[in-house]
Amino acid sequence: MKVISVVGARPQLVKLAPIAAAMTRAGQEHLVVHTGQHYDAEMSDVFFSGLGIPAPDIHLGVGSGSHGAQTGTMLSALDPIFDKERPDWVLVYGDTNSTIAAALAAVKLHVPVAHLEAGLRSFNRRMPEEHNRVLTDHAADLLLAPTQVAMDHLAREGLAERSRLVGDVMVDVCLQVRDQVLAGNVAVTGLPEGVDPAAPYLVATLHRPDNTDDPARLTAILDALAALPVPVALLAHPRLVNRAAAHGFDLARGSLHVGRPLPYGELVAAVVGSAGVVTDSGGLQKEAFLLGKPCTTIRPETEWVETLEGGWNVLAPDPHLLPDWTAVATRPAPTVDIGRPYGDGHAADEVVRVLAETSGSQEA
Ligand code: UD1
């Protein structure tokens, strides 16, 4: 079986790590195409080196742009690659513009497409990711769902026959890296200045357009973080840094200490050492849950609804309007055990097994 994985944005590199390892274990032919959607070393290269992923076989170097231009450039660059390689599967990850571009390029060539992390829904059509997910699911031949809730969404959209529950590959990588952290094998050097790793602190990230693009809203969120009674390590995504610069203000203020995005090992170590997480990232909500830390999510909804159970994750779409904001953001970890809704850390092997089992069986 020959599989081409198409990745491009940081969270996809994290998911690629366990898949690449499982492909190697299973002796399958696996090519990696990097679209170049993320290109800063700290958004891309450090994930390949840090997670032991072989360098991409092909790098498209597409870079940033409007959603349409970025997606279109990727689509036309992928077309000749898929046509030449004619893989058994194009494997696409998550919900970014790289995901939808690769799914479209493949489906138009009748190359079978498998979608990893299928079936997630926010039901918020303001999010570019929501269009990407829904359209990719409906284009794909095989839907690899991480949870039963995702399977239920797919069934409601008439996609049950193409769907398989495989678990969440982020559990594979997160728990493996956590064990390295607990064994003392990861040095955390990248926490922002002013955050003492030995004293309580929160880890924060912010990058959703709905939170970053309106200066008044971004200021209100930053001020709410700055008013917390513990240091907040804001690991600033380039979009956030660029937007703040364009809006004409500094991110740092009060309790808010600004740092760079961290390599994956350091991020996991930073969360393990923290009192909790405040974020609008999908991946980090789940990592907080897997690492036993309370998470506060600055969004009106989450795709990862399982994390809300037992209060592990709390939605705070407008922190500045929340009367008990400090109590919410600094609450202790719940004691409720909600089991393992994301699987047992062996999802990548299951993905490769299902791909091999169903290879050649689609109607494309
Ligand atoms: C993308 C994904 C989002 C995912 C996020 C993870 C889409 C629509 N969005 O959002 O689902 O959660 O990645 O990080 O695909 N930039 C740099 N250097 C980089 C990359 C980006 O400076 O290496 C800056 C550029 O100004 C760029 C902006 O960040 O315009 C946004 O990048 P883009 O890839 O368009 O979207 P993200 O916000 O990163």
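Residues numbered from 1 in each chain as written. Predicted model: local features only at pLDDT ≥ 70, side-chain atom pairs only at ≥ 80, totals over all residues. Heavy atoms only, no water.

As for the sheet that holds strand β12 (residues 295-297)
Read from one edge to the other, the open sheet built from six strands follows the order β10-β9-β8-β11-β12-β13, with strand pairing classed as parallel. Either end of the sheet is taken by a strand with one partner, and the two such strands are β10 (256-259) and β13 (313-315). With direction set aside, neighbouring strand axes in the sheet form an average angle of 20°. Sheet topology places strand β11 (residues 276-279) next to β12; three bridges connect them, and they run parallel. By the bridge assignment, V278 is partnered in β12 with T296. Sheet strands in contact with helix α12 (residues 282-290) are β11, β12 and β13, and its direction is about 165° off that of β11. (Pairing = 2+ DSSP bridges. Helix = DSSP H or I, 4+ residues; strand = E, 2+ residues; numbered from the N terminus. Axes fitted to C-alpha atoms, helices over the stretch in contact; angles between N-to-C directions. Contact = heavy atoms within 4.5 Å.)

Quick notes on the sheet that holds strand β4 (residues 89-93)
Pairing is parallel in the open sheet, where seven strands are placed in the order β3-β2-β1-β4-β5-β6-β7. Each edge of the open sheet carries a strand with a single partner, namely β3 (58-59) and β7 (163-165). Two elements, strand β5 (residues 113-116) and strand β6 (residues 142-145), share three bridges in a ladder whose sense is parallel. In the strand pairing of β6, A114 is matched with L142. Across the sheet, helix α6 (residues 148-156) touches β6 and β7, and the angle it forms with β7 is around 170°.

Describing the environment of V186
Mapped onto the secondary structure, V186 falls in the loop between α7 (169-182) and β8 (202-204). With ten residues separating them in the primary sequence, V186 and Q176 have C-alpha atoms 12 Å apart.

Here's the deal with the site of the ligand
Neighbouring residues of the ligand: 21 residues in total, closest Q37, H38, E129, R239 and N242. Within the contact set of the ligand, an oxygen atom lies 2.8 Å away from a backbone nitrogen or oxygen of Y39. Contact between the ligand and N242: an oxygen atom at 2.7 Å from a side-chain N or O atom of the residue. When the free accessible area of the ligand is taken as 740 Å², the share hidden by the protein chains comes to 88%. Counting only elements with at least two residues in the shell around the ligand, the list comes to α3 (67-85), α5 (128-139) and α10 (238-247). In terms of residue count, α10 provides more of the shell around the ligand than any other element does, three residues in total. Of the residues assigned to the shell around the ligand, the class counts are six nonpolar, ten polar and five charged. (Near = heavy atom within 4 Å. Polar contact = N/O pair within 3.5 Å; in protein donor to acceptor, adjacent residues only side chain to side chain. Areas by Shrake-Rupley, 256 points an atom, 1.4 Å probe, with all protein chains shown as cover. Nonpolar A, V, L, I, M, F, W, Y, C, P; charged D, E, K, R; others polar.)

Focus: the nonpolar core
Residues I19, F82, L91, L144, Y264 and L355 are the most contacted members of the largest nonpolar core, which totals 88 residues. Counting contributing residues per domain, this core is built from domain 1 (2-168 + 343-358) and domain 2 (177-329), each supplying no fewer than three. If we skip the residues at most four places from it in the chain, L355 touches M1, V3, M23, W89, L91, A114, L142 and L144. L202, V230, L234 and I298 belong to the second largest nonpolar core, which has 23 residues in total. (Core = buried A, V, L, I, M, F, W, Y, C linked by side-chain atoms within 4.5 Å. Buried < 20%, exposed > 50% of the residue type's maximum accessible area, 1.4 Å probe, protein only. Domains from an automatic or database assignment.)

Some thoughts on the domain arrangement of the protein
If you check the domain split of the protein, you get domain 1 (2-168 + 343-358) and domain 2 (177-329). Each partner contributes to the interface: domain 1 provides 22 residues, whereas domain 2 provides 19 residues. Between domain 1 and domain 2, roughly 1,700 Å² of surface is buried when both sides are summed, and carbon and sulfur atoms account for 57% of that area. For the interface between domain 1 and domain 2, the tally reads five salt bridges. For the salt bridge of R126 with D210, the shortest nitrogen-to-oxygen distance reads 2.6 Å. There are seven residue pairs in polar contact (both at pLDDT 80 or more) connecting domain 1 and domain 2. Elements with a minimum of two residues in the side of domain 1 that touches domain 2: α1 (10-25), α2 (45-50) and α5. When its residues are assigned to classes, the side of domain 1 that touches domain 2 shows nine nonpolar, four polar and nine charged. (Buried area = accessible area lost by both parts, 1.4 Å probe. Salt bridge = Lys/Arg side-chain N within 4 Å of Asp/Glu carboxyl O.)

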